[in-house]
Amino acid sequence: MRETIPKKTKEALLDEYDHRCAVCGGDRPHVHHIDEDASHNDLSNLLPLCPNCHLRDQHNPTRKVEIQKLQLFRQFKDPAILKPQFQPIFTRQLFLENIALNNEAVDSIETQANELIEFVRSFEMGEFYGKKLNEFIGPLRRAFIMSLGPGSDLRYEEQRRNANRDYRQHLLTNRESARALLVELLRYQGWANA
Ligand SMILES: [Zn+2]
Ligand SMILES: [Zn+2]
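Residues numbered from 1 in each chain as written. Chains lettered and ligands numbered in written order. Predicted model: local features only at pLDDT ≥ 70, side-chain atom pairs only at ≥ 80, totals over all residues.

K.L.:
So what exactly am I meant to see when it comes to the pairing of strand S2 (residues 46-49) here?
P.N.:
Burial of S2 is two-sided: the residues Leu-46 and Pro-48 facing one way and the residues Leu-47 and Leu-49 facing the other way are all buried. Where strand S1 (residues 30-33) and S2 come together, four bridges link them in antiparallel fashion. From the neighbouring strand, His-33 faces S2, where its bridge partner is Leu-46. (Buried ≥ 20, exposed ≤ 12 C-beta atoms within 10 Å, placed from the backbone. Helix = DSSP H or I, 4+ residues; strand = E, 2+ residues; numbered from the N terminus. Pairing = 2+ DSSP bridges.)

Quick look at the structure:
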C-alpha cells in the first residue's frame with residue numbers, strides 16, 4: 001500500500017532540488033522515503049531521485065546506499081558523501097548514533113572517538129580538522145580527587161560514573177557539529193571534487 005505525500009510537501013521538496021534528482025541531476029524525479037517508511041512524510045525524510053537512481057539503485061538491496069548515509073546526504077547535500085572514499089569516514093562515525101545517556105563505562109566509545117580523530121588526521125587539512133574534532137568528541141580529561149579513609153572507593157566510583165555521563169552528554173551535544181565538520185573536511189579532498 002502506498003500512502004500519498006501531501007502535495008505541499010512534495011512541491012517544497014521538488015523546489016528545493018530544482019525538480020532534479022538529488023544524486024545525478026536527472027529529470028522527473030520520484031520522491032523516495034529515506035527511512036523506507038512510506039507514511040513518514042517529513043521533508044527531511046524525502047529525497048527526489050530519478051527513476052534510475054530510485055528503482056535501479058535505492059530499491060535494490062545490492063546497490064542501495066545505507067539509510068544513515070542517505071540521511072547525511074539529505075542534510076548536507078554534498079555528493080562526496082556518496083563516494084566510496086567517504087565510506088571509511090562514514091563507518092568510523094557511526095558509533096555517534098548509538099550513544100545513550102547513562103553512566104556506564106565509556107572506554108570503547110573513547111577508543112572509537114580516538115580512531116575517528118586519528119583517521120581524519122590522515123586527510124588533506126586533517127591536522128586542522130582532527131584538532132577541531134577532538135574538541136567536539138575527544139575524550140574529556142578526567143581528574144579524580146582521590147580521598148583516603150572509609151568510603152573512598154565509593155566516592156571514586158561515583159566520580160567515575162559522573163565523568164562517564166559527562167562524556168556521553170558531551171558527545172550527544174556535539175555530534176551534529178562533528179558530522180558537519182566531517183562533511184566540511186570533504187571540501188579539501190581532491191577526490192571529492194573530481
Ligand atoms: Zn538520478
Ligand atoms: Zn523509494
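K.L.:
Got a minute to help me understand the domain arrangement of the protein in this structure?
P.N.:
How big an interface is tends to be reported as the loss of accessible area on association of its parts. When cut into domains, the protein gives domain 1 (1-64) and domain 2 (68-194). Here domain 1 and domain 2 have C-alpha centroids that lie 30 Å from each other. On the side of domain 2, four residues touch domain 1, which itself brings four residues to the contact. Taken together, the residues of the side of domain 1 that touches domain 2 sort by class into three nonpolar, one polar and no charged. (Domains from an automatic or database assignment. Contact = placed C-beta atoms within 7 Å. Nonpolar A, V, L, I, M, F, W, Y, C, P; charged D, E, K, R; others polar.)

K.L.:
Explain the packing of helix H5 (residues 107-121) against helix H6 (residues 126-137) here, please?
P.N.:
If you want to describe how two helices pack, look at the angle between their axes and the distance between the axes. Where H5 contacts H6, the axes come no closer than 7 Å and their chain directions differ by 160 degrees. One finds that H5 runs roughly antiparallel with respect to H6. At the point where H5 passes H6, the crossing takes the right-handed sense. Only Gly-126, Glu-127, Tyr-129, Gly-130, Leu-133, Asn-134 and Ile-137 of H6 make contact with H5, whose side of the interface consists of Ala-113, Ile-117, Val-120 and Arg-121. Its residues assigned to classes, the contact of H5 with H6 shows six nonpolar, three polar and two charged. (Axes fitted to C-alpha atoms, helices over the stretch in contact; angles between N-to-C directions. Parallel < 35°, antiparallel > 145°, perpendicular 65-115°, else oblique. Left-handed = near helix turned anticlockwise from the far one by under 90°.)

K.L.:
Would you take a moment to explain the environment of Lys-131 for this structure?
P.N.:
Tracing the chain through its elements places Lys-131 in helix H6. Look at Lys-131 and you get partly exposed, because 13 C-beta atoms sit within 10 Å. Separated by eleven residues in the primary sequence, Lys-131 and Val-120 place their C-alpha atoms 9.4 Å from one another.

K.L.:
Would you take a moment to explain the packing of H6 against helix H7 (residues 152-186) for this structure?
P.N.:
Contact geometry for H6 and H7: axes closest at 8 Å, N-to-C directions at 165 degrees. When the interaxial angle is binned, H6 and H7 end up roughly antiparallel. The interaxial crossing formed by H6 with H7 has left-handed handedness. Across the interface between the two elements, Tyr-129, Lys-132, Leu-133, Phe-136 and Ile-137 of H6 pack against Leu-171, Asn-174, Arg-175, Ser-177, Ala-178, Leu-181 and Leu-185 of H7. When the residues that make up the contact of H6 with H7 are grouped by side-chain class, the tally is eight nonpolar, two polar and two charged.

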